[in-house]
Amino acid sequence: MRKMLLLLSGICWTAALMAQSYNITFRLNMNEVTGTFTTPEVNGTFNGWCGSCNPMTDTNGDGIWKTTISLPAGTYEYKFSHDNWAGQETLVPGSSCTITTGSFTNRKVTVTADAT
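Residues numbered from 1 in each chain as written. Predicted model: local features only at pLDDT ≥ 70, side-chain atom pairs only at ≥ 80, totals over all residues. Heavy atoms only, no water.

**Some thoughts on the overall build of the protein**
Filter applied, for reference: Strands are runs of DSSP state E lasting at least two residues, helices are runs of H or I lasting at least four, and both sets are numbered from the N terminus onward. The buried label goes to any residue with under 20% of its type's maximum accessible area, the exposed label to any with over 50%, and the partly exposed label to all in between, with areas taken from a 1.4 Å probe on protein chains only. What makes two residues a contact is simply this: any of their non-hydrogen atoms within 4.5 Å. Accessible surface is estimated by sampling points in the Shrake-Rupley manner with a 1.4 Å probe; for residues, cover comes only from the protein chains shown.
Along the backbone of the protein there are one helix and seven strands. Of the regular secondary structure in the protein, the N- to C-terminal order runs α-β-β-β-β-β-β-β. A burial count over the protein gives 33% of its 116 residues as buried. Here the contacts in the protein between residues at least 6 apart in sequence split such that 66% fall between residues at least 24 apart. Carbon and sulfur atoms make up 57% of the accessible area of the protein, which amounts to about 7,700 Å² in all.

Written out as structure tokens, the structure is:
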């Protein structure tokens, strides 16, 4: 019986660790953007490339927009856009921290802990 409880405890502990999420803060410097925009957002495999699901804010007016998303451990693709995909960043295939799949080049992040 004791071995069974120990085994169940271990399984529960492992499941809890696997389900852990981490706070990932995305930051975007919009100071040199010359076009017009209302709200930048971050879109990716973690939100179905939703468009306006993860809007960013610039609460102190310094031109650095931010949002924090809780994500489980794993690797994700993402891209910054604005105003529900009215515009988006252009990434060069082969650049650091990017991945190209077919005709799409996106940023990538591997989540293992809280990060910015």
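**As for the pattern of salt bridges**
Formally: Here a salt bridge means any side-chain nitrogen of Lys or Arg lying within 4 Å of a carboxyl oxygen belonging to Asp or Glu.
Applying the stated criterion across every chain, the model contains one salt bridge. The residue Arg-107 makes a salt bridge to Glu-89 at a minimum N-O spacing of 2.7 Å. A residue pair is termed long-range when its members are at least 10 positions apart, and Arg-107 in strand β7 (residues 104-111) and Glu-89 in the loop between β5 (87-88) and β6 (98-101) qualify at 18 residues. On the basis of relative accessibility, which here comes to 26%, the residue Arg-107 falls in the partly exposed class.

**So, the state of the cysteines**
Spelled out, the test is: Working definition: a disulfide is two cysteine sulfur atoms within 2.5 Å of each other.
Summed over all chains, the structure comprises one disulfide. Each disulfide pairs two cysteine sulfurs, and for Cys-50 the partner residue is Cys-53, the sulfurs being separated by 1.8 Å. Given an S-S torsion of about 60 degrees, the disulfide between Cys-50 and Cys-53 has right-handed geometry.

**With respect to the side chain of Lys-79**
The line we're drawing: Only four residue types enter the tally: Lys and Arg on the positive side, Asp and Glu on the negative side, with His and both chain ends excluded. Pairs of N or O atoms within 3.5 Å make up the polar contacts considered here, provided that, within protein, one atom can donate a hydrogen while the other can accept it, and that residues adjacent in sequence are counted only when both atoms are side-chain atoms.
Secondary-structure assignment places Lys-79 in strand β4 (residues 74-82). The buried charged residue Lys-79 lacks any salt bridge, with Glu-89 as its nearest oppositely charged partner at 6.5 Å. A polar contact is formed between the side chain of Lys-79 and the side chain of Gln-88, at a distance of 3.2 Å. Polar contacts involving the side chain of Lys-79 include one to the main-chain carbonyl oxygen of Thr-105, which spans 3.1 Å. With residues up to four places along the chain from it excluded, the contact list for Lys-79 reads Glu-41, Val-42, Asn-43, Trp-49, Trp-85, Gln-88, Glu-89, Leu-91, Thr-105 and Asn-106.

**Thoughts on the packing of aromatic side chains**
As a reminder, the rule being used: Two aromatic rings, drawn from Phe, Tyr or Trp (for Trp, its six-membered ring), form a pair once their centres lie within 6.5 Å of each other, and the interplanar angle then sorts them: stacked below 30 degrees, edge-to-face above 60, tilted otherwise.
Enumeration over the complete set of coordinates arrives at five aromatic pairs. In this structure an aromatic cluster arises from ring pairing among Phe-26, Phe-46, Tyr-76, Tyr-78 and Phe-80.

**Comments concerning the environment of Asn-60**
Secondary-structure assignment places Asn-60 in the loop between β2 (40-44) and β3 (64-72). Assessed through its relative accessible area of 53%, Asn-60 is described here as exposed.

**Some points on the nonpolar core**
Under the convention used in this document: Put simply, a nonpolar core is a bunch of buried Ala, Val, Leu, Ile, Met, Phe, Trp, Tyr and Cys residues held in one set by side-chain atoms that sit within 4.5 Å of each other.
Of all hydrophobic cores here, the largest spans 16 residues; its most connected members are Phe-26, Val-42, Phe-46, Leu-71, Tyr-78, Phe-80 and Val-111. When residues of this core are traced back to their parent elements, those giving at least two are β1 (21-29), β3, β4 and β7. With four residues, β1 is the largest single contributor of residues to this core. Sequence-distant contacts of Phe-80, that is, excluding residues within four places in its chain, are made with Phe-26, Arg-27, Leu-28, Glu-41, Val-42, Met-56, Gln-88, Glu-89 and Arg-107.

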